[in-house]
Amino acid sequence: MNHHAHQAGQAPPRIGLFGGTFDPVHLGHLHIARMARETMQLDQVRFIPCRVSPHKPDGKPAAFAHRMKMLELALANLPWAVADDIESHMDEPSYSWRTADVLHRSMPEASLFWIMGGDQWTALHRWAEPERLAACVEFIVVARGVPPEPRAGFAMHPLDCTHPASATEIRRAIAEGAQDHPWLDPVVAAYIVSHALYRREDG
Ligand code: ATP
């Protein structure tokens, strides 16, 4: 299937936008994307790593190029998934509404869906101009325990699925010497080892 060629008479392409730090991408992210795709009949899911994470409590994330490369490795065998480096080309800070707006203008015929965890949905009022994001996307909200509250004026589809994987725990395990992790794609684990990512500063 060609997701880019949109011809008159065809249903408009349905595209999921999945933003995150992806530090590193793990099986939980892949699970969510797969469930969102199946449930919402998405033609494609774009994983969009953010350039900087303003929300990281435990220091700076791995370099953008590393996080992007790990995504490419993890998505290589999924024909419906792509890693999109759009936020590396945009002015900082990379607000989600700006990213969605650029994508909307580059493919005006597509229906766009913003995939996020329930924690982020709850904190959406703290995002920059969430109503501008809502103007070009519908939301797919992955519930982590609590079902997401509806928001007036925001089209939202709850997705009842979770996964135990946590990037924070993966980084901690690697800092403590793990060479691999059950929540990592083995190719991503090998990349982490060969680039010495997430090792403790003091070795
Ligand atoms: P960290 O532990 O570094 O915060 P994270 O995986 O929670 O990592 P992101 O990489 O930014 O953080 O995740 C992208 C999105 O995926 C977020 O919206 C987050 O809520 C969601 N997410 C991540 N892991 C899971 C999971 N295991 N189950 C459900 N949602 C998840």
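Here, every reference points to the structure presented above.
What you see is a predicted model; the values in this text were computed from it and never measured. (Residues numbered from 1 in each chain as written. Predicted model: local features only at pLDDT ≥ 70, side-chain atom pairs only at ≥ 80, totals over all residues. Heavy atoms only, no water.)

Draft legend 1. Just the pairing of strand β1 (residues 14-20), in detail. Burial analysis of β1 places five of its seven residues in the buried class, which makes it a mostly covered element. Pairing of β1 with strand β4 (residues 111-117), which is carried by five bridges, proceeds in the parallel orientation. The residue of β4 that forms the bridge with Phe 18 is Ile 115. Where β1 lies against strand β2 (residues 44-49), six bridges are found, and the strand directions are parallel. Bridging from a neighbouring strand, Gly 20 pairs with Pro 49 of β2. (Buried < 20%, exposed > 50% of the residue type's maximum accessible area, 1.4 Å probe, protein only. Helix = DSSP H or I, 4+ residues; strand = E, 2+ residues; numbered from the N terminus. Pairing = 2+ DSSP bridges.)

Draft legend 2. Representation of helix α3 (residues 96-106) in the model. Within α3, the full set of buried residues consists of Ser 96, Trp 97, Thr 99, Ala 100 and Leu 103. In an axial view of α3, the angular spread of the buried residues amounts to 160 degrees, which keeps them on one side of the axis. The outward face of α3, more than 90 degrees from its buried face, is lined by the exposed residues Arg 105 and Ser 106. Summarising the contacts, the buried residues of α3 are in contact with β1, β2, β4 and α5 (130-134). (Arc of directions from axis to C-beta. Contact = heavy atoms within 4.5 Å.)

Draft legend 3. Region of interest: the side chain of His 29. Inspection of the secondary structure assignment puts His 29 in helix α1 (residues 27-40). Excluding residues that lie within four positions of it along the chain, His 29 makes contacts with Phe 18, Phe 22, Pro 24 and Phe 47.

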